[in-house]
2 protein chains.
Amino acid sequence: MFDEPIEKLIEYFRQLPGVGKKTAQRYAFYIIENSKEKAENFANAIKEVKDKVKLCTVCGNYSTTDICPICQKRNRKVVCVVQEPKDIISMEKVKSFDGVYHVLFGTISPLENRGPNDIKIKELLARVGKDGVEEVIMATNPDVEGDATAMYISKLLKPLGVKVTRLAQGIAMGSDIEFADEVTLERALEQRKEI
Amino acid sequence: MFDEPIEKLIEYFRQLPGVGKKTAQRYAFYIIENSKEKAENFANAIKEVKDKVKLCTVCGNYSTTDICPICQKRNRKVVCVVQEPKDIISMEKVKSFDGVYHVLFGTISPLENRGPNDIKIKELLARVGKDGVEEVIMATNPDVEGDATAMYISKLLKPLGVKVTRLAQGIAMGSDIEFADEVTLERALEQRKEI
C-alpha cells in the first residue's frame, strides 16, 4: 500500500518486541512527519549503540568499556546473579544495593535443551574464586526454571564456603491479596515471618 | 544508569508516539541483542524514508514520486477528503473504492486557532475545477471539528455543482449496542434506514 521505503521502515519497526502492524505504521509516520535532523540522529544512535556497546568482561552487563561502571566502582564481594542484562535495570532501582552483578544469559532448561554449560555458570565460579566473593544473591525469575537454576548454582557454591541467598518470594507490595494467584499465596504462607 | 550511547537510543525510542521508558528500554535492548547488520539496515531505512518520501503534489499523501501511485492510476473524478495521510491507510482497506484522496492536514478548529486557510481547502477547490470532479466524499473524523469542516467544505463545493457526501455515521459493525455511547446511538437513530 505504501511506497517501498515506507514499507521497509514499517517492517523494521515491526521487528521490535511487541510491535504490531498498526503500531509500526504509527512509528514510521512519526519519522516521516518529523524533521530530517531528528531522523538522522535517531539512525545514528542505533548505529552508535552497535558500534560501542559490548559485554562487560567481568559481569556480562552491556557496557561501552571492557569493565562496566558497576564492576569498576562497587563491592565485588557481593554478587547478584540475574538471567539477562535487562534484569540489572530493575535491580538497580534498589538504591541500597552496593554489590555487583553476574549475568547468566538464560536459565537451565531441559525443555529447551539448555544445560549448565549453556549459561555463564563456569564464569561465575571463576569470579567467586578470584574476587573472594562472600555472598551470591540468586535473582533469577521466580518460576520453575529460575528456581531450578538457583538451586543448581547454590549446590555448586556452598562447598566453596560462599553464602548463597535467594530473593524472597511472596505477595508484592501494594498488591491485593484478593487478586494474588495461588502459587504466590502458597509461597507467601510457607515463608511467613514472625512479626 | 546506562552508558551514554544506550541512554541516547532509549531517549530516541521514547519520542515515538505512545512509547514510555520501559518500552523504549525494551526496544533499545532489542537493537543491542540483535546483529549489527540488522541495526544498520534499520538505521538506513530511517534515513532513506526521510531522503525519499515527500508529499504527492496532487493529493498530499506520502509518496516517493511527485505524483503518488493512487493519483496516477485511479479515478480522479471521485475524491475522498481525509484529515491526515494516515487516514488513507484505513480507507484503502476498503478494496471497492477506486477514487483518489485529498489530505487536508487538519480540520478547521476555532479552539486551536485553525481557520479555513490553515488547511488544504484552496487546493481541494482547485482540483475540483481542474479534474472535473463529480463527487467529493468527506471522510473527516466523526467529531465536532470533523463535522464542521465537512459542512464548511460542502457549502463551498455545492455551488460548483459537485455532489458532496459524508461517510455514514452509526453503530460500528460487530459492536454491541449495550456498549455504544449515546451520541453514536443518537446518530444511528436519526439516520435509521428502512429495511
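Rules and cut-offs
- Residues numbered from 1 in each chain as written.
- Chains lettered and ligands numbered in written order.
- Predicted model: local features only at pLDDT ≥ 70, side-chain atom pairs only at ≥ 80, totals over all residues.
- Heavy atoms only, no water.
- Contact = heavy atoms within 4.5 Å.
- Buried area = accessible area lost by both parts, 1.4 Å probe.
- Salt bridge = Lys/Arg side-chain N within 4 Å of Asp/Glu carboxyl O.
- Polar contact = N/O pair within 3.5 Å; in protein donor to acceptor, adjacent residues only side chain to side chain.
- Helix = DSSP H or I, 4+ residues; strand = E, 2+ residues; numbered from the N terminus.
- Pairing = 2+ DSSP bridges.
- Axes fitted to C-alpha atoms, helices over the stretch in contact; angles between N-to-C directions.
- Right-handed = clockwise from strand over helix to strand, strands pointing away.
- Least-squares fit on C-alpha atoms with pLDDT ≥ 70 in both.
- Left-handed = near helix turned anticlockwise from the far one by under 90°.
- Buried < 20%, exposed > 50% of the residue type's maximum accessible area, 1.4 Å probe, protein only.
- Phe/Tyr/Trp six-rings, centres within 6.5 Å; stacked < 30°, edge-to-face > 60°.

(A) View of the interface of chain B and chain A. Between chain B and chain A, the contact holds 53 residues from the first and 53 residues from the second. Surface buried jointly by chain B and chain A totals about 5,100 Å² across both partners, of which 69% is contributed by carbon and sulfur atoms. At the surface where chain B touches chain A, the tally comes to four salt bridges. Put simply, Lys36(A) and Asp51(B) hold a salt bridge, and the shortest N to O gap is 2.9 Å. Linking chain B to chain A there are 17 residue pairs in polar contact (both at pLDDT 80 or more). When residues of the side of chain B that touches chain A are traced back to their parent elements, those giving at least two are helix 1 (4-14), helix 2 (21-33), helix 3 (36-52), strand 2 (62-63) and helix 5 (85-91) of chain B. Broken down by element, the residue count for the side of chain B that touches chain A peaks at 16 residues, all from helix 3 of chain B.

(B) Just the sheet that holds strand 6 (residues 163-166) of chain A, in detail. Residue and element names in this part refer to chain A. With parallel pairing, four strands are arranged side by side in an open sheet as 4-3-5-6. Two strands in the sheet have a free side with no partner beyond their single neighbour: strand 4 (99-103) and strand 6. When the angles between neighbouring strand axes are averaged without regard to direction, this sheet yields 25 degrees. Note that strand 5 (residues 135-138) and strand 6 share four bridges and pair parallel. Bridging across to strand 6, Met-138 finds its partner in Arg-166.

(C) Region of the structure containing the pairing of strand 3 (residues 75-82) of chain A. All names here are of chain A. Looking at chain direction, strand 3 and strand 4 are connected through five bridges and run parallel. Considered in strand 4, the bridge of Val-81 is made with His-102. Regarding topology, helix 5 (residues 85-91) serves as the crossover connection from strand 3 to the parallel strand 4, and that connection is right-handed. Pairing analysis gives four bridges linking strand 3 to strand 5, with the strands arranged parallel. Directly across from Val-79, in strand 5, lies its bridge partner Val-136.

(D) Quick peek at the relation of the copies chain B and chain A. Superposition record for chain B on chain A: RMSD 0.1 Å, screw rotation 180 degrees, translation along axis 0.0 Å. Here the two chains are linked by the operation of a two-fold rotation axis. When C-alpha positions in chain B are compared against the rotation axis, the closest is assigned to Ala43(B), at 2.1 Å. When the interface residues of chain B are mapped onto chain A, 100% of them are again interface residues, pointing to one common binding face.

(E) Representation of the sheet that holds strand 6 (residues 163-166) of chain B in the model. All names here are of chain B. The four strands are arranged 4-3-5-6 in an open sheet whose pairing can be described as parallel. Strands with a single pairing partner mark the edges of an open sheet, and in this sheet they are strand 4 (99-103) and strand 6. Each strand of the sheet is rotated relative to its neighbour by a mean of 25 degrees, with strand direction disregarded. Against the sheet, helix 7 (residues 144-157) engages strand 5 (135-138) and strand 6, with an angle of about 170 degrees to strand 6.

(F) Structural context of the packing of helix 1 (residues 4-14) of chain A against helix 3 of chain B. In contact at an axis separation of 9 Å, helix 1 of chain A and helix 3 of chain B are set at 145 degrees when each is read in the N-to-C sense. As for the relative orientation of helix 1 of chain A and helix 3 of chain B, their crossing is left-handed in sense. The residues of helix 3 of chain B that touch helix 1 of chain A, namely those facing Pro5(A), Ile6(A), Lys8(A), Leu9(A), Tyr12(A) and Phe13(A), are Lys38(B), Asn41(B), Phe42(B), Ala45(B), Ile46(B), Glu48(B), Val49(B) and Lys52(B).

(G) Examining the environment of Ala172(B) more closely. Residues and elements named next belong to chain B. Mapped onto the elements, Ala-172 comes out in the loop between strand 6 and helix 8 (182-190). The exposed category is assigned to Ala-172, whose relative accessible area is 51%. In this structure, the C-alpha to C-alpha distance between Ala-172 and Gly-115, residues 57 residues apart in sequence, is 31 Å.

(H) Seen up close, the pattern of salt bridges. Residue and element names in this part refer to chain A. Tallying each qualifying case throughout the model produces 18 salt bridges over all chains. Where Asp-131 meets Arg-76, a salt bridge forms, and the shortest distance between an N and an O atom there is 3.8 Å. Within this pair, whereas Asp-131 is found in helix 6 (residues 121-131), its partner Arg-76 is found in strand 3, the two being separated by 55 residues in sequence.

(I) Geometry of the packing of aromatic side chains. Going through the model one piece at a time under the given rule, you end up with 11 aromatic pairs over all chains. Consider the rings of Tyr27(A) and Tyr27(B), whose centres lie 6.0 Å apart with planes at 70 degrees: the pair is edge-to-face. One end of the pair, Tyr27(A), is in helix 2 (residues 21-33); the other, Tyr27(B), is in helix 2, on a second chain. Pair check on accessibility: Tyr27(A) and Tyr27(B) agree, each one buried. Seen from their ring centres, Phe13(B) and Tyr27(B) are 5.5 Å apart, and the 70 degrees between their planes marks the pair as edge-to-face. Of this pair, Phe13(B) sits in helix 1 while Tyr27(B) sits in helix 2, and the two are 14 residues apart along the sequence. Using a relative accessible area of 0% as the deciding quantity, one classes Phe13(B) as buried. What links up through ring pairs into an aromatic cluster is the set Tyr12(A), Phe13(A), Tyr27(A), Phe42(A), Tyr12(B), Phe13(B), Tyr27(B) and Phe42(B).

(J) The arrangement of unusual backbone geometry in detail. If you check the backbone angles, Phe105(A) has positive phi at about 60 degrees while not being a glycine. Looking at the secondary structure, you find Phe105(A) in the loop between strand 4 and helix 6. What makes Phe105(A) partly exposed here is its relative accessible area of 26%. If you check the backbone angles, Asn113(B) has positive phi at about 65 degrees while not being a glycine. If you trace the backbone, Asn113(B) turns up in the loop between strand 4 and helix 6 (121-131).

Coordinates in, geometry out; function isn't part of it.
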